[in-house]
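# Analysis of the macromolecular model
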Amino acid sequence: MQTKIVWGVLLCLGLLLLLTACGAKETGGEKKPEESPVTGAPELSGGAEPTTGEPTGTTELTGATPTHEAELTGEPEPTPSAAPDLSGGAEPTAGAEPTGATEPTATKAPTATKAPSPTKAAGNTPTKAPQLTPTKAPTGPTGNSNEMRDLTTMELVRDMGIGINLGNTFESCGDWITGNTPRSYETAWGSPVITEKMIAGMAEAGFGVLRIPVAWSNMMGDDYTISPAYLKRVKEVVDMAISNDMYVIINIHWDGGWWSQFSTEKSECMYRYTRMWTQLCDAFGAYGDRLMFESLNEEGCWNDIWNRYGGTSGKSAAYALLNEINQKFVDVVRGSGGNNAKRHLLIAGYATDISLTCDKLFQMPSDPAGRMAVSIHYYTPAGFCILEKDESWGKVQTEWGSAGDLAELKGYMRQLYDTFIAKGIPVIMGEYGCVTKNKTQEQIRNFLSTVCRTAYDAGICPILWDINYTENLSWSIYNRSTCKINDSALAKSFLEIAKSKTTPKRP
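Residues numbered from 1 in each chain as written. Predicted model: local features only at pLDDT ≥ 70, side-chain atom pairs only at ≥ 80, totals over all residues. Heavy atoms only, no water.

## Some points on unusual backbone geometry
- Cis geometry is found at the peptide bond from threonine 380 to proline 381, where omega equals 0°.
- For methionine 219, which is not glycine, the phi dihedral falls at a positive 65°.
- Mapping methionine 219 onto the fold places it in the loop between strand 2 (207-212) and helix 5 (228-243).
- The backbone of cysteine 483 shows a phi angle near 60°, a positive value even though the residue is not glycine.
- Considering the arrangement of structural elements, one finds cysteine 483 in the loop between strand 9 (478-479) and strand 10 (484-485). (Helix = DSSP H or I, 4+ residues; strand = E, 2+ residues; numbered from the N terminus.)

Printed below as a string of structure tokens:
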């Protein structure tokens, strides 16, 4: 009996010990206090629960538990009162546009411990990054407009006002030039490296169009391939002018004189001409109507075909050759597509001489776009404009402005008006000017301002021939060092003409 009692006690003690051991294994020891999942995690944005109305600013919290129930997502819930940033800020106010596209400062993103739940607790609208409007992308080359406006060429030429040439710069050429860089040619004939400030000074002086003569054969590669470096540099200056609200005219200038070979090597020269303009059309095709192409300079004449001082033999053939070149120019430009299909074009007259260009043998090309102007130059009388000393064919004229001089000028402008402008064909005087040696400033000013005014009043855009000013160089009116016209009285006259906006009329 006693034995049974002992065994009964031992069995009870064993069961008690077994129950105690199982309980300890299940609890794992002492239970820790429950940790708040919100206050125990770092705040990403901080901020008290939003109240109705607009946020009043950023309120930084120091570990306070939000008063509303938050989801246990492993990261605190951002609130609209926090300052907006790209990592998850306040939702933009409805109807308000962002004030601009400010590049955000990069900050280290917080480490996410758990992906947010796809649903939120009731009453909590998920926040999102503010939608910033990106800065408007440039609309054309280097930020310049590529717009082709609905303007006739007559309207566009009138909008140009008066202009200036960037002479003795990119048209410089010669085997003696060393360096084989764009800069070596740009400065070879006396020009400094062209800067934005120089071009801006021209615009401020009232010039609305910059004509840039170019010798594209400089640094040329095989198969008449234009140098990418030379092309890039010219484009930089074109962009400078357009950014200063100027029009630009580019051409193939004298370019070493290969034009004279058209009379004997027409096929090769036409191939070269076509190759060059094909490349130029491709390079400048995205530019808008502030860029005009000019078919050639004043080299469209061939004395070995026709000598204007020796009768009429060969005259028709000489004109036919120029007309063919000009037609090829239009065909190449229009065929290149894009903005070139509607680009305004400048067609060089015969030798750009007024009387020869007004001859009935000179024909404007056929143009499906109907956007062309004709180019002439004015250096009359030669004794005043060209000669610095007496020559066998003429004598120096140091004064200008007599009744005969004025009548001659008006007669030429009237001839242009009747032949072209009255028939709807705009005229650009691509060059005019005079040598400045052996003349008083008053005589120079009188000639330049009178030619400019007379041409402009007739509806012609006059573009001054100008090279870099030095005391030893003639033809210098605009000083590229001071970025001003040297003669302040002449500068005033030019500005007055540019601002006059007169209605064109027959001289």
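The rest of the description comes next.
## Focus on the packing of aromatic side chains
- Under the counting rule described, the total for this entry stands at 20 aromatic pairs.
- Relative to tyrosine 319, the ring of tryptophan 306 has its centre 6.0 Å away and its plane inclined at 45°; by these criteria the two rings are tilted. You can see tryptophan 306 sitting in the loop between strand 4 (291-294) and helix 7 (315-335) and its partner tyrosine 319 sitting in helix 7, a full 13 residues away along the chain. Of the two residues, tryptophan 306 and tyrosine 319, both sit in the buried class.
- Taken together, Trp258, Trp259, Phe262, Tyr273 and Trp302 form an aromatic cluster joined through their ring pairs. (Phe/Tyr/Trp six-rings, centres within 6.5 Å; stacked < 30°, edge-to-face > 60°. Buried < 20%, exposed > 50% of the residue type's maximum accessible area, 1.4 Å probe, protein only.)

## Side note on the pairing of strand 6 (residues 372-378)
- By the criterion of burial, strand 6 is predominantly enclosed, with seven of the seven residues buried.
- In strand 6, alternate side chains face the same way, and those of Met372, Val374, Ile376 and Tyr378 on one face and Ala373, Ser375 and His377 on the other are all buried.
- In this structure, strand 5 (residues 345-348) lies alongside strand 6, joined through four bridges in parallel fashion. Bridge pairing links isoleucine 347 to valine 374 in strand 6.
- In this structure, strand 6 lies alongside strand 7 (residues 427-432), joined through five bridges in parallel fashion. Considered in strand 7, the bridge of histidine 377 is made with glutamate 431. (Pairing = 2+ DSSP bridges.)

## Observations regarding the packing of helix 6 (residues 266-284) against helix 7
- In contact at an axis separation of 9 Å, helix 6 and helix 7 are set at 30° when each is read in the N-to-C sense. Comparing their axes, helix 7 and helix 6 come out roughly parallel. In this structure, helix 6 crosses over helix 7, and the sense of that crossing is right-handed. Side by side, helix 6 and helix 7 meet where Lys266, Met270, Tyr273, Thr274, Trp277, Thr278 and Cys281 of the first sit next to Leu321, Glu324, Ile325, Lys328, Phe329, Val332 and Val333 of the second.
- Per-class residue counts for the contact of helix 6 with helix 7 are nine nonpolar, two polar and three charged. (Axes fitted to C-alpha atoms, helices over the stretch in contact; angles between N-to-C directions. Parallel < 35°, antiparallel > 145°, perpendicular 65-115°, else oblique. Left-handed = near helix turned anticlockwise from the far one by under 90°. Contact = heavy atoms within 4.5 Å. Nonpolar A, V, L, I, M, F, W, Y, C, P; charged D, E, K, R; others polar.)

## Considerations on helix 2 (residues 153-160)
- Those residues of helix 2 lying buried are Thr153, Leu156, Val157, Arg158 and Met160.
- Among the residues trailing helix 2, glycine 161 stands out with phi positive, at a value near 75°.

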